[in-house]
Amino acid sequence: MHVVAIFEKVHPNLFSVLFDEHDELLMELGGDHPSTGKDELVNAFEKWKDVFWLRQFFMTYRLDLMAYDSAMTVKRAIRETTDEADAFYDDLVSMAKNSAEQLSKLFKPLDNREVDGLPYEFQRLKGKRRWLRLYALKYGDSYVITGGAIKLTRGMRERPHLKLELIKLERVKLFLDSADSRGLFVYLDVI
Amino acid sequence: MTGAKKDNKIQSLAKGATASPWKELWLYKKENRQWLKKSRDIAMKILDTLEEKEMTQIHLAQQLRVSRQQVSKIVKGQENLTLETISRLEEVLGVELILTNMEIGKPKKVSPAFKKKKGTAPIKRG
């Protein structure tokens, strides 16, 4: 596993994970994540702009889509996702140029209603994203992005692709955690 | 471990690793947003048509005489398609993917056989 900088010079506190092709521990934890050789921020962005991938996704989870918004169609969902991905990453660029304090406003702790049984801060900031999510670990003042997903259901354990994001978070936590450096980790959701 | 030490740890882990190329990717897509949206809409139409006609991407590639990889790129919705490619796609798929200004709003020519005469029932096609 590698940790790569996102903004090396402009902002030194934002990172992304690049999983190894055969991360045995990730697979042991239940992950089935084929590495693309790209870090997770790139992976998320590329998925959210890939019409074929999005179509497959929304067709698979069509019922969840209709439960989310009964008037939504697959076609409209694809359009809205690609448009939102643009706006999402525009905001990331804009906000990450600012101080760590601004960065802390970009992320918010995962809601404990989303995942039971894990220690979280219970702050809740107002979200403005429809269904796009980037997940990160807060480590000191740094944020390490571990993955991204389209979240149509309330809980993360309800769907395999969301459960995978929890596994990835846990995997990166284990990576960063060591006998002499245990610290508070917070699972974060990008606003 | 203090916050500063944690930050240092992350910095040292990232040291030596190639920086994420995401910003270049984002910048490229930002600068080409308009045509990428059109490419996206064309890709959606192609995929709908393939499903409708029960046609595979491999079959489409064969019809277009291009590689499977090229079709895969087209349906991702991120290709800067030439007019020639669009025309060939339209021909193979039997659908219109784009309409020019000359075509939009142009009244369709109706065959005299289908014109309804006042006071009479429409002529049924034999």
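Only a predicted model underlies this, so the values are computations on that prediction, with no experimental measurement involved.

## Things to note about the overall build of chain A
Here's step 1: Each helix and strand in chain A was counted, giving 7 helices and 6 strands.
Here's step 2: Tracing chain A from N to C terminus, the helices and strands come up as β-β-α-α-α-α-α-α-β-β-β-α-β.
Here's step 3: By the burial criterion, 40% of the 191 residues in chain A qualify as buried.
Here's step 4: The long-range share in chain A, meaning contacts at least 24 apart out of those at least 6 apart in sequence, stands at 60%.

## Thoughts on the packing of helix H3 (residues 33-52) of chain B against helix H5 (residues 68-76) of chain B
Residues and elements named next belong to chain B.
Here's step 1: Closest axis-to-axis distance for the H3/H5 pair is 7 Å, and the angle between their directions is 115 degrees. Facing Ala43, Ile46 and Leu47 of H3, the residues of H5 in contact are Ile74, Val75 and Lys76.
Here's step 2: Within the contact of H3 with H5, the residues separate by chemical class into 5 nonpolar, no polar and 1 charged.

## Some remarks on the packing of helix H3 (residues 51-60) of chain A against H3(B)
Here's step 1: In contact at an axis separation of 10 Å, H3(A) and H3(B) are set at 50 degrees when each is read in the N-to-C sense. Considered as vectors, H3(A) and H3(B) are oriented oblique to each other. Of the two elements, H3(A) crosses H3(B), and the hand of that crossing is right-handed. Residue-level contacts link A:Val51, A:Phe52 and A:Arg55 of H3(A) to B:Arg40, B:Ala43, B:Met44 and B:Leu47 of H3(B).
Here's step 2: Among the residues forming the contact of H3(A) with H3(B), the class breakdown is 5 nonpolar, no polar and 2 charged.

## A few points about the nonpolar core
Here's step 1: Ranked by internal contacts, the top residues of the largest apolar core, which has 57 residues, are A:Phe45, A:Ala136, A:Val144, A:Ile145, B:Ala43 and B:Ile46.
Here's step 2: Considering each element in turn, this core owes the most residues, 7 residues, to helix H7 (residues 160-176) of chain A.

## A short note on the UniProt feature "domain: HTH cro/C1-type" (unreviewed entry) in chain B
Here's step 1: Residues annotated by UniProt as "domain: HTH cro/C1-type" (unreviewed entry) correspond here to residues 51-97 of chain B.
Here's step 2: Measuring from the first to the last C-alpha atom of residues 51-97 of chain B gives 15 Å, for a span that is 64% helix and 0% strand.

## Some words on the environment of A:Thr73
All names here are of chain A.
Here's step 1: Topologically, Thr73 is positioned in the loop between helix H4 (62-68) and helix H5 (74-96).
Here's step 2: For Thr73, a count of 13 C-beta atoms within 10 Å corresponds to the partly exposed category.
Here's step 3: For Thr73 and Arg62, which are 11 residues apart along the polypeptide, the C-alpha to C-alpha distance reads 8.4 Å.

Here is what the cut-offs are and how they apply
- Residues numbered from 1 in each chain as written.
- Chains lettered and ligands numbered in written order.
- Predicted model: local features only at pLDDT ≥ 70, side-chain atom pairs only at ≥ 80, totals over all residues.
- Helix = DSSP H or I, 4+ residues; strand = E, 2+ residues; numbered from the N terminus.
- Buried ≥ 20, exposed ≤ 12 C-beta atoms within 10 Å, placed from the backbone.
- Contact = placed C-beta atoms within 7 Å.
- Axes fitted to C-alpha atoms, helices over the stretch in contact; angles between N-to-C directions.
- Nonpolar A, V, L, I, M, F, W, Y, C, P; charged D, E, K, R; others polar.
- Parallel < 35°, antiparallel > 145°, perpendicular 65-115°, else oblique.
- Left-handed = near helix turned anticlockwise from the far one by under 90°.
- Core = buried A, V, L, I, M, F, W, Y, C linked by C-beta atoms within 7 Å.
- UniProt positions renumbered as here; feature names shortened; annotations may be inferred.

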